[in-house]
There are 2 protein chains.
Amino acid sequence: MPHTARTAASRQNGGRYGTRPTMKDVAAQAGVGLKTVSRVVNGEAGVSSDTERRVQEAITALGFRRNDSARVLRKGSTASIGLVLEDLADPFYSPLSRAVEEIARAHGALLINGSSAEDPERERELALALCARRVDGLIIVPASDDHRYLEPEIAAGVATVFVDRPPGRIDADMVLSDSANGAREGVTHLIAHGHRRIGFIGDHPRIHTARERLRGYREAMADAGLPSPDSWMALGGTDPERVRADAARMLAGPEPVTALFAGNNRVTVTLVRVLAEIAEREHPVALVGFDDFELADLLSPPVTVVAQDPAELGRSAAELLFRRLDGADDPPRRVTRPTRLVTRGSGEVPPPA
Amino acid sequence: MPHTARTAASRQNGGRYGTRPTMKDVAAQAGVGLKTVSRVVNGEAGVSSDTERRVQEAITALGFRRNDSARVLRKGSTASIGLVLEDLADPFYSPLSRAVEEIARAHGALLINGSSAEDPERERELALALCARRVDGLIIVPASDDHRYLEPEIAAGVATVFVDRPPGRIDADMVLSDSANGAREGVTHLIAHGHRRIGFIGDHPRIHTARERLRGYREAMADAGLPSPDSWMALGGTDPERVRADAARMLAGPEPVTALFAGNNRVTVTLVRVLAEIAEREHPVALVGFDDFELADLLSPPVTVVAQDPAELGRSAAELLFRRLDGADDPPRRVTRPTRLVTRGSGEVPPPA
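From a predicted model like this one, the values you see are computed outputs, not experimental measurements.

Visitor: An account of the interface of chain B and chain A is requested, with residue identities and associated values reported.
Guide: Of the residues lining the interface, 45 residues belong to chain B; the matching set on chain A comes to 45 residues. With both chains or domains summed, chain B and chain A bury close to 4,500 Å², and 51% of this area falls on carbon and sulfur atoms. Among the residues chain B hides against chain A, the three largest losses belong to B:Leu88, B:Arg122 and B:Arg133. Together they make up 15% of the total. Summed over the shared surface of chain B and chain A, the number is eight salt bridges. With its nearest N and O atoms 2.8 Å apart, the salt bridge here joins B:Asp119 to A:Arg105. Inspection of the region where chain B meets chain A yields 18 residue pairs in polar contact (both at pLDDT 80 or more).

Visitor: Lay out the packing of aromatic side chains with the relevant residues and their values.
Guide: Inspection of the entire model under this criterion finds six aromatic pairs over all chains. Both rings, one in A:Phe92 and one in A:Tyr93, keep their centres 5.1 Å apart while their planes meet at 80°; by these two values the pair is edge-to-face. Consider the rings of B:Phe200 and B:Phe261, whose centres lie 5.9 Å apart with planes at 15°: the pair is stacked. Taken together, the positions of B:Phe200 in strand S6 (residues 198–202) and B:Phe261 in strand S8 (residues 259–262) put the pair 61 residues apart, joining distant regions of the chain. Take B:Phe200 and B:Phe261: they sit in the same class, and that class is buried.

Visitor: Which residues make up the nonpolar core, and what values go with them?
Guide: One finds A:Leu260 and B:Leu260 to be the most contacted residues of the largest nonpolar core, which totals 92 residues. Excluding residues that lie within four positions of it along the chain, A:Leu260 makes contacts with A:Leu190, A:Gly199, A:Ile201, A:Met250, A:Leu251, A:Leu271, A:Leu275, A:Val285, A:Ala286, A:Leu287 and A:Val288.

Visitor: How would you sum up the sheet that holds strand S6 (residues 198–202) of chain A? Please name residues and give values.
Guide: All names here are of chain A. Pairing is mixed across the open sheet formed by six strands, whose spatial order is S7-S6-S8-S9-S10-S12. The open sheet is flanked by strand S7 (233–235) and strand S12 (340–342), the only strands paired with a single partner. The average angle at which neighbouring strand axes cross in this sheet is 15°, direction not considered.

Visitor: Give a detailed account of helix H7 (residues 120–132) of chain B, specifying residues and quantitative values.
Guide: Residue and element names in this part refer to chain B. For H7, with 13 residues, the first-to-last C-alpha span of 18 Å sits near the 18 Å given by 1.5 Å per residue. By the burial criterion, the buried members of H7 are Arg 122, Glu 123, Glu 125, Leu 126, Ala 127, Leu 128, Ala 129, Leu 130 and Cys 131. With a side-chain oxygen positioned 2.9 Å from the backbone nitrogen of Glu 121, the residue opening H7 is Asp 119.

Visitor: Lay out unusual backbone geometry with the relevant residues and their values.
Guide: A cis amide bond links A:Ser300 to the next residue, A:Pro301, at an omega of -5°. By the element assignment, A:Pro301 lies in the loop between strand S9 (286–290) and strand S10 (304–307). Despite not being glycine, A:Leu295 has its phi angle at roughly 75°, a positive value. With a relative accessible area of 2%, A:Leu295 lands in the buried category. Located in the positive-phi region is B:Asp291, a residue other than glycine, with phi close to 90°. Inspection of the secondary structure puts B:Asp291 in the loop between strand S9 (286–290) and strand S10 (304–307).

Visitor: Provide a residue-level description of the relation of the copies chain B and chain A, including the pertinent values.
Guide: The two copies are related by a screw operation: chain B maps onto chain A through 180° of rotation and 0.0 Å of translation along the axis, at an RMSD of 0.1 Å. Read as a symmetry element, the transformation amounts to a two-fold axis. Distance from the rotation axis, computed per C-alpha, reaches its smallest value in chain B at B:Asn113: 2.4 Å. Comparing contact sets, 98% of the residues at the interface of chain B also lie at the interface in chain A, consistent with an isologous, same-surface contact.

Visitor: I'd like a rundown of the sheet that holds strand S12 (residues 340–342) of chain B, residues and numbers included.
Guide: Residue and element names in this part refer to chain B. With mixed pairing, six strands are arranged side by side in an open sheet as S7-S6-S8-S9-S10-S12. Strands at the two margins of the open sheet, each flanked by one partner only, are strand S7 (233–235) and S12. Looking at each pair of strands side by side, their axes are set apart by 15° on average, direction ignored. Two strands pair when backbone bridges link them, and S6 and S7 are joined in this way by three bridges, in the parallel orientation. Considered in S7, the bridge of Ile 201 is made with Ala 234. Taken strand by strand, helix H11 (residues 240–251) contacts S6, S7 and S8, and its axis lies near 170° from that of S6.

Visitor: A description of empty space enclosed by the protein should follow, citing residues and the corresponding values.
Guide: For the coordinates displayed, the defined rule picks out three cavities of 30 Å³ or more. One number sums up the size of the second largest cavity: a volume of about 130 Å³. Taken together, 16 residues form the lining of the second largest cavity, with A:Leu85, A:Leu88, A:Ser94, B:Leu88 and B:Ser94 sitting closest to its centre. Only helix H6 (93–106) of chain A together with helix H6 (93–106) of chain B provide two or more residues apiece to the lining of the second largest cavity. Per-class residue counts for the lining of the second largest cavity are six nonpolar, six polar and four charged.

Visitor: So what about the pairing of strand S2 (residues 110–115) of chain B? Which residues, and what values?
Guide: Residue and element names in this part refer to chain B. Buried residues dominate S2, accounting for six of its six residues. In S2, alternate side chains face the same way, and those of Leu 110, Ile 112 and Gly 114 on one face and Leu 111, Asn 113 and Ser 115 on the other are all buried. At this point the chain moves from strand S1 (residues 80–85), through H6, to the parallel S2, and the crossover so formed is right-handed.

Visitor: Mind laying out the side chain of A:Asp87, listing which residues take part and the relevant values?
Guide: Mapped onto the secondary structure, A:Asp87 falls in the loop between strand S1 (80–85) and H6. Polar side-chain contacts of A:Asp87 include one of 2.8 Å to the backbone nitrogen of A:Ala89. Residues in contact with A:Asp87, not counting those within four places in the same chain, are A:Tyr93, A:Ser115 and B:Arg98.

Visitor: Please give an account of the pattern of salt bridges that cites residues and values.
Guide: Enumeration according to the criterion identifies 50 salt bridges over all chains in this entry. Between B:Arg215 and B:Glu219 there is a salt bridge whose closest N-O contact spans 3.0 Å. Linking B:Arg215 with B:Glu219, this pair stays in helix H10 (residues 208–223), spanning four residues, or about one helical turn. On the accessibility criterion, B:Glu219 (24% relative accessible area) is partly exposed. The residue B:Asp246 makes a salt bridge to B:Arg242 at a minimum N-O spacing of 2.8 Å. Here B:Asp246 pairs with B:Arg242, and both are found in helix H11, just four residues apart, close to one helical turn. For B:Arg242, a relative accessible area of 16% translates into the label buried. In this structure, a network of salt bridges that share partners links the residues A:Asp173, A:Arg323, A:Arg324, A:Asp330 and A:Arg333.

Conventions and cut-offs
Residues numbered from 1 in each chain as written. Chains lettered and ligands numbered in written order. Predicted model: local features only at pLDDT ≥ 70, side-chain atom pairs only at ≥ 80, totals over all residues. Heavy atoms only, no water. Contact = heavy atoms within 4.5 Å. Buried area = accessible area lost by both parts, 1.4 Å probe. Salt bridge = Lys/Arg side-chain N within 4 Å of Asp/Glu carboxyl O. Polar contact = N/O pair within 3.5 Å; in protein donor to acceptor, adjacent residues only side chain to side chain. Phe/Tyr/Trp six-rings, centres within 6.5 Å; stacked < 30°, edge-to-face > 60°. Helix = DSSP H or I, 4+ residues; strand = E, 2+ residues; numbered from the N terminus. Buried < 20%, exposed > 50% of the residue type's maximum accessible area, 1.4 Å probe, protein only. Core = buried A, V, L, I, M, F, W, Y, C linked by side-chain atoms within 4.5 Å. Pairing = 2+ DSSP bridges. Axes fitted to C-alpha atoms, helices over the stretch in contact; angles between N-to-C directions. Expected span 1.5 Å × (residues − 1). Least-squares fit on C-alpha atoms with pLDDT ≥ 70 in both. 1 Å grid on protein atoms, 1.4 Å probe; cavity = no way out; pocket = protein on both sides within 12 Å on 5 of 7 lines; lining within 4 Å. Points joined across faces, edges and corners; volume = space filled by probe spheres on them. Nonpolar A, V, L, I, M, F, W, Y, C, P; charged D, E, K, R; others polar. Right-handed = clockwise from strand over helix to strand, strands pointing away.

Laid out in structure tokens, this is it:
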């Protein structure tokens, strides 16, 4: 959005955002990336003198001041946005949080996080506590399936965007990965490599993405005319003991599964361990996991995944949020991001002859 | 601390904490762990009926009410503590944050996080913003080396604990790993396996732990009577390009290093990639990394590490914080946690014959 339009929209909105030029404005004016502006502003290396001059000119033209937000802070009113995560220990959320933080920073706002630990009541408590601490907007990875508790806050002007999972019983902006299609593609890939008995181990069924990925699994099996008995589907917590027990059950008996689809990276990491132990004595079991994860490509075999782009989810959500804070009042948007099958080896293991 | 003493201390302190019984009190009274209380309170499986009865009796005896903090919240005054992290994307901080969150929860307090992204000014801005939002205490992984900006907040009663790195120019509680001794042990281990030319690649020299680990490296080399020329020591950002360039430099030339010590998990993960590429054509290079990381044991070779216990660091810091909030006013404490050498394979690779 050009700087002038943005400023006009912000004025309508009370001027909390956008009346001060931000790093993002400088980047747009100079025709460079945010990172470049940040480097110049912070005096870091890696910027050509030509580019630096362009950035400095933009800074002068816009009257950008680096310390704006720190100065506002001292008056006790720094712009801030809140991010309610589901689990601090799930690495999926690290790039998502970081991307939100980067966009917030580009808008001169602080990011404050909290974790619901997958507890709906905790999510509510945290979201309302952040509102009570006067965040200007909220990005929520919901644990709850009923967000009507936010209606008074939204009515009072707190912009709210949901990410990774949809809101419950309210209408709001949301950014989701295409879980069902991603899982379908992953399972179809296993079928294409000859598997007929494929197990699905996913997260708790109260979680939207877990249900959607299960749906993708079922559709892929049905499309191929394959059965998917209940005993091949296990949803539950991602604690290793539960995942191990379900895998052991599916891999035992006269007709064991020959491939597993893992519903998220926490499940995949446990299954990698389970299958590494089994591989020493039996025919290897194929594995495709939903979510990419660090070092997946250096394992043996390297792990085939249906990758989401968590940084892009975070970026999209933050951009939707600042769009609202800049005054946009069109109907809530639903953004769906595609997934990407990354074949590396574990998903191409054939079934026993 | 027995419940009665704790309550008395809290009363002195204004009664913000401790006048309501917490899950921690229930756990102490019932003689079980916090997790068990949480399971009973949340109606989760995995608790024997005997234990459940004991917990229920403790709940009744103490008058514990699960929804206390949610109810206080509605009056706009939930207890909360702030945690200022260094980097949202470093998995080292996940178990640390989670442990802090668990202790906070046990005390009926919310945890609010933010990340300094290793920027001293950002740290200051965030810490003060959290104070302005009336957190009762702060736990800080410092990016700054001057924390005098916190003096007015501390004087105003905000309890403050530093973790992972010490505070700068103020006296406060801190919880650190023994970085120097850990690094010395890791490097001595490489020397014991026959290495004489060992490189050290660490984080930025402005970071206390990076300097301490370098010190441990130097001491180990000196103790063994080995030289450690400047060209074998590289401190800088943890971005993969920088780490790769330094590793390539140390591994080239007529007298390349035969082993590398990585100053933290971000460096280790990049070096694992570098060494995997080299291993295809040359004698393998030994590697010991500071920090354990997920899947380290499933890599090939499995990675030998000097492990910290980030959950324990978080727990200790949070316990120090709530001790202060409960009224303790003895001089600041410095807690140092030992590290642990975990030998898995990469650190036991011998030098070329």
